[in-house]
Amino acid sequence: MLILDTTLRDGEQTPGVSLTLEKRMAIARKLDEIGVDIIELGSACASVGEKQAMKAIVKEGLRADTSSFARAMKKDIDDALGTDVNTLSLVVPTSDLHIEKKLKKTKQEVVALTGELVTYAKAHGLKVEVLAEDGSRTEFNSLVEIFSAGIAAKADRVCVCDTVGVWNPEITFGIYKLLVEKLKVPVAFHGHNDLGLGVANSLAAFRGGASELHVTVNGLGERAGNCPLEELALDLKYFYDVRTVELKKLSELSKVVETLTGLTLHANKPLVGDNAFAHESGIHVDGVLKHASTYEPITPEMVGQKRRFSFGKHSGRAGVKAKVEQMGVRFSDTQLERAIAKVKELGDKGKEVTDADLHAIVYDILGEQHEAKVKLEEFTAFTGNRVTPTASVKLKINGEVKVVAGIGDGPVDAAISAIEKALGGTNVKLTEYKVDAITGGANALVHVKVKMKKGDREVSASAAETDIVMASVEAVLRGINLLI
Ligand SMILES: [Zn+2]
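Below, the structure is looked at part by part. This is a predicted model, so every value here is computed, not measured.

Calculation criteria
- Residues numbered from 1 in each chain as written.
- Predicted model: local features only at pLDDT ≥ 70, side-chain atom pairs only at ≥ 80, totals over all residues.
- Heavy atoms only, no water.
- Donors = N, O, S within 2.8 Å, 3.2 Å for Na, K, Ca; no water.
- Helix = DSSP H or I, 4+ residues; strand = E, 2+ residues; numbered from the N terminus.
- Buried < 20%, exposed > 50% of the residue type's maximum accessible area, 1.4 Å probe, protein only.
- Pairing = 2+ DSSP bridges.
- Axes fitted to C-alpha atoms, helices over the stretch in contact; angles between N-to-C directions.
- Contact = heavy atoms within 4.5 Å.
- Core = buried A, V, L, I, M, F, W, Y, C linked by side-chain atoms within 4.5 Å.
- Patch = residues over 30% accessible without salt bridge, like charges linked within 9 Å, V, L, I, M, F, W, Y side chains within 5 Å.
- Areas by Shrake-Rupley, 256 points an atom, 1.4 Å probe, with all protein chains shown as cover.
- Salt bridge = Lys/Arg side-chain N within 4 Å of Asp/Glu carboxyl O.
- Parallel < 35°, antiparallel > 145°, perpendicular 65-115°, else oblique.
- Left-handed = near helix turned anticlockwise from the far one by under 90°.
- Nonpolar A, V, L, I, M, F, W, Y, C, P; charged D, E, K, R; others polar.

1. Observations concerning the coordination of the zinc ion
Then, number 1: Within the protein, the atoms that donate to the zinc ion are Asp-10 (OD), His-190 (NE2) and His-192 (NE2), at distances of 2.0 to 2.2 Å.
Then, number 2: Summarised as a motif, the one-chain spacing of the donors to the zinc ion is D-x179-H-x1-H. Remark: His-190 occurs in strand S7 (residues 187–191) and Asp-10 occurs in the loop between strand S1 (2–5) and helix H1 (21–34); sequence separation between them is 180 residues.
Then, number 3: Judged by its relative accessible area of 3%, His-190 falls in the buried class.

Below is the structure:
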């Protein structure tokens, strides 16, 4: 099975995508590395820049065949020859709609032109694939007639393009069965994804006898895009044990193309999306931890991906415990329950609890002081642009309750001065204060780290809360408890 990748031609026709020479070069190298058989480098006729980029890539001496797209005109073939590619993707409109409305020719003229152009390209040493544009809306006999003209002129391969993605797997299979039997050269399939059937149709074409399939990385392409390489390659292996490209490198290739085109993948994109191997619900995480295949059809490693446990309101004990242990921490049952409760609390606020959030939660619980001399019972703060920031605290100091208010430059400062007052002057000084908002958004978990000093003793403490003032007060109290 040959794979022709057209990320650099059809894929670049994705609205909003335009690739510079360096980016084209990087993608071509990656495609070559993963083992694509034919790389369509672009349309030499499109622009001087594209032609130069194509020529530069050919000079790299890739292992794969390199191809240029050409419309059914001699000038386009000359442009392709100028890039030194060894293959020509000669695109001939075949449907009545395209022949009459776009080309303004008759079918007989198109048949004759196909023969002439293939002869011309072959005479210049190119491998030639004749692509039937809008082939899926072309009457079967016309398709055979136009292809046969190309084959008579020594075309190496022919290809039906489902240009607007209107076939389904049954139709594709049926037509390929007939076509492959009738034609004496390899037949390729170029599938689009307008109705979401790009991969299914390509698999059906393969079952019908197609020996080359056209793809793009991440399914880039006009409108809803083309058949995606990553899904097709995995499916060919999974269902039919057909080897094409190196599956382990799919994830990396996908990331490179995502970054270089700036077209972000949706998280639930099969195989290569961020969530393709992510588990959140307690039941699933528990299952996967016991036996991965309970909720995974293939291992993430097969396509170079990583399994990820995400945390939120659906999280269960097993997942949180596994994550905590991965951090080298062994929690008591009470501590684990506290961690789960905090994860769910964040999840209820509509947040996905990230790894960093979970780290902060774990360290926060590790820093909790159950035998603390000073405990915060109540806390209130007022602030605004026309009031002096004021805080009042109710503290339990060695069992004795004290309520004190303080003022300061801001609510945190006011709280610290109130605590100081309640303790009757501890000479504890705040020497460093750092805030990390762990993830974006106003409801992010805030991790406050402080350094505090008394005499020449300095300690650090931290706390994580969704409220910045609460996290600050908690961190300061923990520091004070370590020092007094
Ligand atoms: Zn296309």
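2. Quick notes on the sheet that holds S7
Then, number 1: Sheet architecture is closed into a barrel: 8 strands sit in the order S1-S2-S3-S4-S5-S6-S7-S8, paired in parallel fashion. Each strand of the sheet is rotated relative to its neighbour by a mean of 25°, with strand direction disregarded.
Then, number 2: Here S1 pairs with strand S2 (residues 38–43) via 2 bridges, running parallel. Bridge assignment links Leu-4 to a residue of S2, and that residue is Ile-38.
Then, number 3: Against the sheet, helix H3 (residues 74–81) makes contact with strand S3 (65–71) and strand S4 (87–93), and its axis sits at roughly 155° relative to S3, the strand it touches most.

3. Thoughts on the nonpolar core
Then, number 1: Counting residues in each nonpolar core, the largest one holds 81 residues, and the members touching the most others are Phe-147, Leu-213, Leu-229 and Leu-232.
Then, number 2: The residues contacting Leu-229, other than those within four sequence positions of it, are Ile-3, Asp-5, Val-36, Val-215, Thr-216, Val-217, Val-245, Leu-250 and Leu-253.
Then, number 3: By size, the runner-up hydrophobic cluster in this structure holds 31 residues, among which are Val-374, Val-393, Ala-471 and Leu-477.

4. Quick look at a nonpolar patch on the surface
Then, number 1: Residues Leu-430, Tyr-433, Val-435 and Ile-468 make up a contiguous nonpolar surface patch of about 300 Å² in total accessible area.
Then, number 2: Broken down by element, the residue count for the nonpolar patch peaks at 3 residues, all from strand S14 (residues 429–437).
Then, number 3: With respect to the helices and strands, the residue Ile-468 is situated in helix H16 (residues 468–483).
Then, number 4: Assessed through its relative accessible area of 41%, Ile-468 is described here as partly exposed.

5. Comments concerning the packing of helix H8 (residues 198–207) against helix H9 (residues 229–240)
Then, number 1: Relative to each other, H8 and H9 sit at 50°, their axes nearing to 10 Å. Comparing the axis directions of H8 and H9 gives the class oblique. Judged by the sense of rotation from one axis to the other, the crossing of H8 with H9 is right-handed. Counted together, Val-199, Ser-202, Leu-203, Phe-206 and Arg-207 of H8 and Glu-231, Leu-232, Asp-235, Leu-236 and Tyr-240 of H9 form the full contact between these two elements.
Then, number 2: Residues of the contact of H8 with H9, tallied by class, amount to 6 nonpolar, 1 polar and 3 charged.

6. What about the side chain of Arg-157?
Then, number 1: Along the chain, Arg-157 turns up in strand S6 (residues 157–162).
Then, number 2: Arg-157 sits in the buried class, given a relative accessible area of 9%.

7. Considerations on the pairing of S6
Then, number 1: For S6, a buried count of 6 out of 6 residues is recorded, marking the element as mostly surrounded by other parts of the structure.
Then, number 2: Neither face of S6 is exposed, since Arg-157, Cys-159 and Cys-161 on one face and Val-158, Val-160 and Asp-162 on the opposite face are all buried.
Then, number 3: Across 4 bridges, the pairing between strand S5 (residues 127–133) and S6 is parallel. Bridging across to S6, Ala-132 finds its partner in Val-160.
Then, number 4: Across 5 bridges, S6 lies against S7 in parallel orientation. Each residue of the ladder has a partner; that of Val-160, found in S7, is Phe-189.

8. Some thoughts on the environment of Phe-382
Then, number 1: Tracing the sequence through the fold places Phe-382 in strand S11 (residues 374–382).
Then, number 2: By relative accessible area, which is 52% here, Phe-382 ends up exposed.
Then, number 3: Note: C-alpha distance between Phe-382 and Ile-407 (25 residues apart in sequence) is 9.6 Å.
Then, number 4: Beyond its immediate chain neighbours, meaning those up to four positions away, Phe-382 contacts Thr-388, Pro-389 and Thr-390.

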